[in-house]
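Analysis of the macromolecular model
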Amino acid sequence: QIPSSNIADAVHIAGINLGVKRERNRQRFEDGTDRLTGGRPQDQLQKFHGRRPKSRDISIIGNQVLDVTQHLLHAGFTIDNVTSDSTVVAVQEALMFMGVCDLPIAYKCNPLSPYRTVDGSCNNLNNPEWGKSNVAQRRDLEPVYESGTVGDPRITGASGRPLPNPRTISNVVHSNINGITLNTSLSLHMFQMGQFLAHDIILTPTETGQYGATVSCCGEIERPECIPIKVPGGDPRFADGTCFSVVRSAAANPGCAPGFRQQQNQITSYIDGSNVYGSTDEDLKALRDGEYLRKTKENNLPRNPDQGCDINHDGEFCHLAGDARVDVVPSLASYHTLFMMEHNRIVDALKKVNPDWNVEKLFQEARKINIAQIQHIIYNGFLSALLSRDIMATYKLRSLNTGYSTSYDKTRDATIANGFGIAYRMGHTWIPTYMDLYSDLNTRQSGPETGPFDVVDTFNNPHLTFLNQRTGCPALLKWMTSQASPATDRVLEDSARNRLFEDSTGASFDLAALNILRGRDHGVPPYGDYRVSCGLSALTPSWDSLVDHKPRETSLLRQVYNDPRDIDLFTGLLTEKSISGSALGPTLSCILGREFQNLKEGDSYWYERPEPQGFPKEQLNEIRKTSLSAVLCANLGLKQIQIDAFKVPASNNLAVPCTVVPSIDLTKWKSTAPLPPSKPGINKSSLPEIMRQLALLDRKNKK
Ligand code: HEM
Ligand SMILES: [Ca+2]
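Just so you know, these numbers come straight off a predicted model, no measurement behind them.

Cut-offs applied
Residue numbers here run from 1 along each chain, matching the order of that chain's written sequence. Chain A is the first chain written and ligand 1 is the first ligand written, with later ones labelled in order. For a predicted model such as this one, the threshold for reporting local features is a pLDDT of at least 70, and the threshold for listing and counting side-chain atom pairs is 80 or more; totals across whole chains, interfaces and linings nevertheless cover every residue. Side-chain measures here rest on the full set of heavy atoms in the structure, leaving out hydrogens and waters. Pairing between two strands requires that DSSP report at least two bridges joining them. In DSSP terms, a helix is any run of H or I states spanning at least four residues, a strand is any run of E spanning at least two, and both are numbered starting from the N terminus. For Na, K and Ca the donor cut-off is 3.2 Å; for every other metal, N, O and S atoms count as donors within 2.8 Å. Water does not enter the count, which can leave sites looking incomplete. We call a residue buried when its accessible area falls under 20% of the maximum for its residue type, exposed when it is over 50%, and partly exposed in between, using a 1.4 Å probe and counting protein chains only. Throughout this description, the term nonpolar core refers to a set of buried Ala, Val, Leu, Ile, Met, Phe, Trp, Tyr and Cys residues connected via side-chain atoms within 4.5 Å. In this description, contact between two residues means that some pair of their heavy atoms is separated by no more than 4.5 Å. By convention in this text, a residue qualifies as near a molecule or strand provided that one of its non-hydrogen atoms is within 4 Å of it. Two N or O atoms form a polar contact when they lie within 3.5 Å of each other; inside protein one atom must be a possible hydrogen donor and the other a possible acceptor, and for residues adjacent in sequence the pair counts only when both atoms belong to side chains. A 1.4 Å probe that fits into a set of points on a 1 Å grid over the protein atoms alone but cannot get out defines a cavity; an open set with protein on both sides within 12 Å along at least five of seven lines defines a pocket, and lining residues are those with an atom within 4 Å of a point. Should more than half of a molecule's atoms lie within 2 Å of a pocket's or cavity's grid points, that molecule is taken to sit in it. Here the nonpolar group is Ala, Val, Leu, Ile, Met, Phe, Trp, Tyr, Cys and Pro; Asp, Glu, Lys and Arg are the charged ones; every other residue, Gly included, is treated as polar. We call a pair of cysteine sulfur atoms a disulfide whenever their separation is within 2.5 Å.

1. Focus: the sheet that holds strand β5 (residues 251–252)
On the basis of which strands lie adjacent, the open sheet formed by three strands has the order β1-β6-β5 and antiparallel pairing. The outermost strands of the open sheet, each flanked by one partner alone, are β1 (135–136) and β5. In the sheet, β1 pairs with strand β6 (residues 262–265) via two bridges, with the strands oriented antiparallel. Looking across to β6, one finds that Ala 136 is bridged to Gln 264.

The structure is reproduced here in structure tokens:
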């Protein structure tokens, strides 16, 4: 039991420290060190991570709780003392008394709702915050921070020697010095759907300065928000003395409970099209136009009033979409556009068969169908192309051909796991060197500006989407349908590894180094710990223990790491030997398999479920017919397409006319019930269970 005087002291000091930090941030803002706008690489990275007031509030509380925890440790208590039930309650009460922490929200969930909430709350009726936006990421493994701290990034390796500099690891292990290899069968839709999916499930905010300004991390004084990378001398790309200004991910400590530093997710973890519809009611309000999603007259995304991207042509603008990273590359904006168009296309079809449906019903039903198609395309198309058959079977990721799925498990928390957010960056090895615009399958577009366009010039710059009378988005999608993806390997293109967010002075970031450092920033344990959690052999100080790596990769790792147990997760995963039937190694396959099983079985609105969360059988059978090819055909005016668009056209994946590609028949949504169909088709036999749930909730709310 920690005496209350110690707790009061710690809370008091944390309050003083917060004041000091606020004052310093105010000064840095006023002297122009921390800025709200600008094109420096660090400003572009800040834009990527967002500046939402909500995540700032969470981080202020998180940092105070961490400060309290750290003070109690300094006062001689152990981490077990500090995280004991009695201390947790005492700290929570003290912080509530000081007005730092709020009382938990009492959610009133509707278990009969046929539609998801926008912010993901109430998906799990017993734990309404699971998978919601603006909550802490889940821990798959306990965090590993620098020893003796509750949240400092690791700097010391297992053998007591310093960990290697992330830029050094990047230069030795992730460089494209021997050129770039293309995948022989997968198309660039793997790359683009991969990133689009990432932006549906995770967005980790970083710490911000006053008013959300970009914190500058390469100055003389050390700031607690900062983890700058000092590039070692003699670098092949950067001059001696170069420093990457990297800001830590914003803190979170859920429930004001003392313990290790946690990180936030600003968006909903569920695969629920939050990149199309937003992650808060406010987001959706800005995107919605009655039953439709807002668009320009050329069928493009609407203008974003917050002009944070790089615009250098008259009449062009940054885009507004459900996820704020939409313009980080134009091929991503084309994906956002595709699923915005698909929503509007579904609305038009529903209107035809149900002329009496009101605006709300049309919007919600179209959203539900669009999300169901996205889930189907990801599991049936994207994941099937990425993971081996065995992994798909082990983690029960395959979609059913008929009937309803019974896989929903209310004890599964679908909140994104912290380590997955580092592992899934494996898609960075798919970033291409060039982008291009095509007028049809395998046909480059002619016009005043023709490709190929260097990817470096497309970062945070939506110019390509505006080309040729603003037909850039469909043209980018046709290009991705025709071209092969870079292979999944340890190599990142120079555009991402040496020239990410390059500005006019040539300053830039290294995305591989960021990924490695971010893992340490989050306290994500090293690669070896994940092997053990996946049932694979542990790593020892001997390099012979690295059994899933080829000699060439092992020798590169040996050049930089003192001890195999130090290998960072991102680097260890991308250097693994691939398993049979997939380009991914065993640990990476396991981490992805586990997470996608959670996202499926922990989602009560999973598309294969019965009503009210799911669909009547004849409608579900229509959703099962859809594919990426079908959605591309329906919206792009393509003449022909290969059956599986995640693979390039080939003799076993022939291009066929769009008219023969199976697709969803929306006439099956013709409503037979009289209006208003606010609770469409509740299955009578499920009523007792629903009544029981309602009674439970009612009792809970009364408590
Ligand atoms: C040209 C394309 C891309 C660019 C420019 C890009 C850039 C970035 C940047 C700057 C970050 C944040 C780095 C940090 O500060 O830690 C990031 C994070 C991430 N990226 Fe990418 N990326 C691209 C493509 C992809 C792809 C294809 C995937 C997956 C298939 C992917 C998955 C992720 C994930 C999961 C994160 C972590 C997100 C978070 O926790 O907020 N990215 N990317
Ligand atoms: Ca989501």
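Following the structure, the description resumes.
2. Describing the coordination of the calcium ion (ligand 2)
Taken together, the protein ligands of the calcium ion (ligand 2) are Asp 200 (O), Asp 200 (OD), Thr 268 (O), Thr 268 (OG1), Tyr 270 (O), Asp 272 (OD) and Ser 274 (OG), with distances of 2.2 to 2.5 Å. Spacing between the donor residues of the calcium ion (ligand 2) along the chain follows D-x67-T-x1-Y-x1-D-x1-S. One end of the pair, Asp 200, is in helix α7 (residues 188–201); the other, Thr 268, is in the loop between β6 and α8 (274–277), with 68 residues separating them in the sequence. Its relative accessible area of 1% is what places Asp 200 among the buried residues.

3. Overview of the nonpolar core
Ranked by size, the top nonpolar core spans 139 residues in total, and within it Phe 382, Leu 386, Leu 592 and Phe 596 carry the most contacts. Take this core: its biggest share by element is 14 residues, from helix α11 (residues 359–386). Setting aside its immediate chain neighbours within four residues, Phe 596 contacts Leu 197, Ile 271, Tyr 379, Leu 383, Leu 397 and Phe 420.

4. Remarks on the coordination of the iron atom of ligand 1
For the iron atom of ligand 1, the protein supplies a single donor, His 428 (NE2), at a distance of 2.1 Å. For His 428, the location among the structural elements is in the loop between α13 (418–423) and β9 (434–435).

5. Thoughts on the site of ligand 1
The environment of ligand 1 is made up of 24 residues, and the closest members are His 49, Thr 204, Arg 425, His 428 and Arg 518. Contact between ligand 1 and His 428: a nitrogen atom at 2.9 Å from a side-chain N or O atom of the residue. More than half of the atoms belonging to ligand 1 lie within 2 Å of the grid points that define the largest cavity. For the shell around ligand 1, the element with the highest residue contribution is α7, accounting for four residues. The class makeup of the residues in the shell around ligand 1 is 14 nonpolar, seven polar and three charged.

6. Considerations on the state of the cysteines
In this structure the tally under the stated criterion is seven disulfides. The disulfide partner of Cys 101 is Cys 256, and the gap between their sulfur atoms is 1.5 Å. Its S-S torsion of about -70° marks the bond between Cys 101 and Cys 256 as left-handed, since a negative value means left-handed. Residue Cys 101 is located in the loop between α5 (85–97) and β1, and its partner Cys 256 is located in the loop between β5 and β6; the two are separated by 155 residues in the primary sequence. Each of the two residues, Cys 101 as well as Cys 256, counts as buried. Sulfur-sulfur distance for the disulfide between Cys 309 and Cys 318 comes to 2.1 Å. Because the sign of the S-S torsion sets the handedness, a value of about -105° for the bond joining Cys 309 and Cys 318 places this disulfide among the left-handed ones. A relative accessible area of 3% means that Cys 318 is categorised as buried.

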